[in-house]
Amino acid sequence: MGRRPIVLRLFLAVAVGLLGVLVAPVAMGAPAAAGQAYVALGDSYTASPLTGAPAGPPPGCLRSANNYPHLVAERTGAQLTDVSCSGARTRDFAAPQAVQGGENPPQYDALGAGTQLVTVGIGGNDIGFSEIVQACVSPTPFGTPCRDKYTQGPHDELSARIDDLGDRLDDVLDEVHRRAPDARVLLVGYPSVLPAEGPGCYPVVPYTPGDVEYLRGVLSHLNTEIADAASDGDATYVDTATPTRGHDVCALPTERWIEGLIPTAPAAPVHPNAAGSAALSRAVLATLGVPAAD
């Protein structure tokens, strides 16, 4: 690809440094009951790093007090145990996750026979989210360097990773149901990170138009796999992509719910800001049958 221009190299260096801190229809059920025991499992899209006051140890999880689990608990009166952690993969549900300032205990440990509601938001790190965000930056707006990196002939590496994730999500849901047999379980998808159509917004977000189209397909495949796992695993899928369309990384700052590689509002790169976390909470509440606050 050649030597990157110095401005782009500096841009990417800042974004990579920030990333380094992280390492179907809606089913409507009975409204959530006040006081129910609620456990939130997940990665940084659940933890909502840097968007609000820290919420519990270890500090390296970058869990914020205004993430969607906290907002859902506040609205429903649920008793929340939030063990989400930035950088988490499905493997970190069953084993301690080492982070800055300590380690996050196995997330499954928060579940029990008395758990009544569980939200699970996981999968992005299993397919290499941070790696993809960095690798797909292009020094020019031409070609499809990201797609070319991950595809060789008929083989698409990212598609294969997502297919493999499906089996892991099946195992996750099996274990959640085993440990919390009476809980209602929600499997939360990922929001619309990229515009639903069009070429993107190079150079503000330096992905070529062809790669924006490719990555849209990757995100759609990921959410489809999550929805299928929910359907097969006695869980309810929470669609967060549809209600966040138009609020992606290319939206104007006043309309943006997902920050770009260089955030303009408090948030991790390519993650929901506070408005995005609020939007995710509304999607979860709608799935629970809880009306939005006035």
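Residues numbered from 1 in each chain as written. Predicted model: local features only at pLDDT ≥ 70, side-chain atom pairs only at ≥ 80, totals over all residues. Heavy atoms only, no water.

Looking at an unreviewed UniProt entry, one finds the protein chain named SGNH/GDSL hydrolase family protein, with Actinomycetospora flava as its source organism.

Draft legend 1. Region of the structure containing the nonpolar core. In this structure, Leu 41, Leu 111, Val 118, Val 120, Val 176, Tyr 207 and Leu 215 are the most contacted members of the largest nonpolar core, which totals 51 residues. Mapped by element, the contributors of at least two residues to this core are β1 (37–42), β5 (117–121), α4 (129–135), α5 (145–150), α6 (157–179), β8 (184–188) and α7 (209–232). A per-element tally of this core places α7 first, with 9 residues. Those residues in contact with Val 176 that lie beyond four places of it in its chain are Leu 41, Tyr 108, Leu 111, Val 118, Val 120 and Val 185. With 16 residues, the next largest nonpolar core counts Ala 40, Leu 117, Leu 186 and Val 188 among its residues. (Core = buried A, V, L, I, M, F, W, Y, C linked by side-chain atoms within 4.5 Å. Buried < 20%, exposed > 50% of the residue type's maximum accessible area, 1.4 Å probe, protein only. Helix = DSSP H or I, 4+ residues; strand = E, 2+ residues; numbered from the N terminus. Contact = heavy atoms within 4.5 Å.)

Draft legend 2. Spotlight on α7. An ideal rise of 1.5 Å per residue puts 34 Å on 24 residues; α7 measures up with 35 Å between its terminal C-alpha atoms. For α7, the set of buried residues is Asp 211, Val 212, Tyr 214, Leu 215, Val 218, Leu 222, Asn 223, Glu 225, Ile 226, Ala 227, Ala 229 and Ala 230. Where α7 ends, the next residue or the one after it, Asp 234, has phi of about 55 degrees, a positive value. (Expected span 1.5 Å × (residues − 1).)

Draft legend 3. Expanded view of helix α8 (residues 274–288). Look at α8: 21 Å from first C-alpha to last across 15 residues, which is about the 21 Å you get at 1.5 Å a residue. Gly 276, Ser 277, Ala 279, Leu 280, Ser 281, Ala 283, Val 284, Leu 285, Thr 287 and Leu 288 are the residues of α8 that are buried. Taken together, the buried residues of α8 touch α2 (44–47), α3 (68–76), β5, β8 and β9 (236–238). Its side-chain oxygen placed 3.1 Å from the backbone nitrogen of Ala 275, Asn 273 serves as the N-cap of α8. A positive phi of about 80 degrees marks Gly 289, the residue just after α8. (Polar contact = N/O pair within 3.5 Å; in protein donor to acceptor, adjacent residues only side chain to side chain.)

Draft legend 4. Geometry of the side chain of Thr 46. Here Thr 46 is to be found in helix α2. The residues contacting Thr 46, other than those within four sequence positions of it, are Leu 41, Asn 67, Tyr 68, Pro 69, Ser 84 and Gly 121.

Draft legend 5. Local environment of the pattern of salt bridges. Taken as a whole, this structure holds 7 salt bridges when the rule is applied. In this structure, the salt-bridge partner of Glu 175 is Arg 179, at a minimum N-O distance of 2.7 Å. In this pair, Glu 175 and Arg 179 are both assigned in helix α6, 4 residues apart and thus about one turn of the helix distant. Relative accessible area serves as the criterion here: at 27%, Arg 179 is assigned to the partly exposed category. Among the ionic pairs, Arg 256 bridges to Glu 259, the shortest N-O distance being 3.9 Å. Here the two residues Arg 256 and Glu 259 agree in accessibility, since each one is buried. Salt bridges linked by common partners bring Asp 109, Glu 175, Arg 178 and Arg 179 together as one network. (Salt bridge = Lys/Arg side-chain N within 4 Å of Asp/Glu carboxyl O.)

Draft legend 6. Molecular detail of the state of the cysteines. In total, this model carries 3 disulfides according to the counting rule given. Covalent S-S linkage joins Cys 61 and Cys 85, the inter-sulfur distance amounting to 1.9 Å. Measuring the twist about the S-S bond at about -90 degrees, one finds the Cys 61-Cys 85 disulfide to be left-handed. Taken together, the residues Cys 61 in the loop between α2 and α3 and Cys 85 in the loop between β2 (79–82) and β3 (97–99) connect sequence positions 24 residues apart. Of the residues examined, Cys 61 reaches a relative accessible area of 0% and is grouped as buried. According to the relative accessible area criterion, Cys 85 is buried, its value standing at 0%. A sulfur-sulfur separation of 2.1 Å characterises the disulfide bridge that pairs Cys 201 with Cys 250. Here Cys 201 and Cys 250 share a disulfide; its torsion about the S-S bond, -75 degrees, makes the bridge left-handed. Placement of Cys 201 in the loop between β8 and α7 and of Cys 250 in the loop between β9 and α8 is noted, with a sequence separation of 49 residues between them. (Disulfide = S-S within 2.5 Å.)

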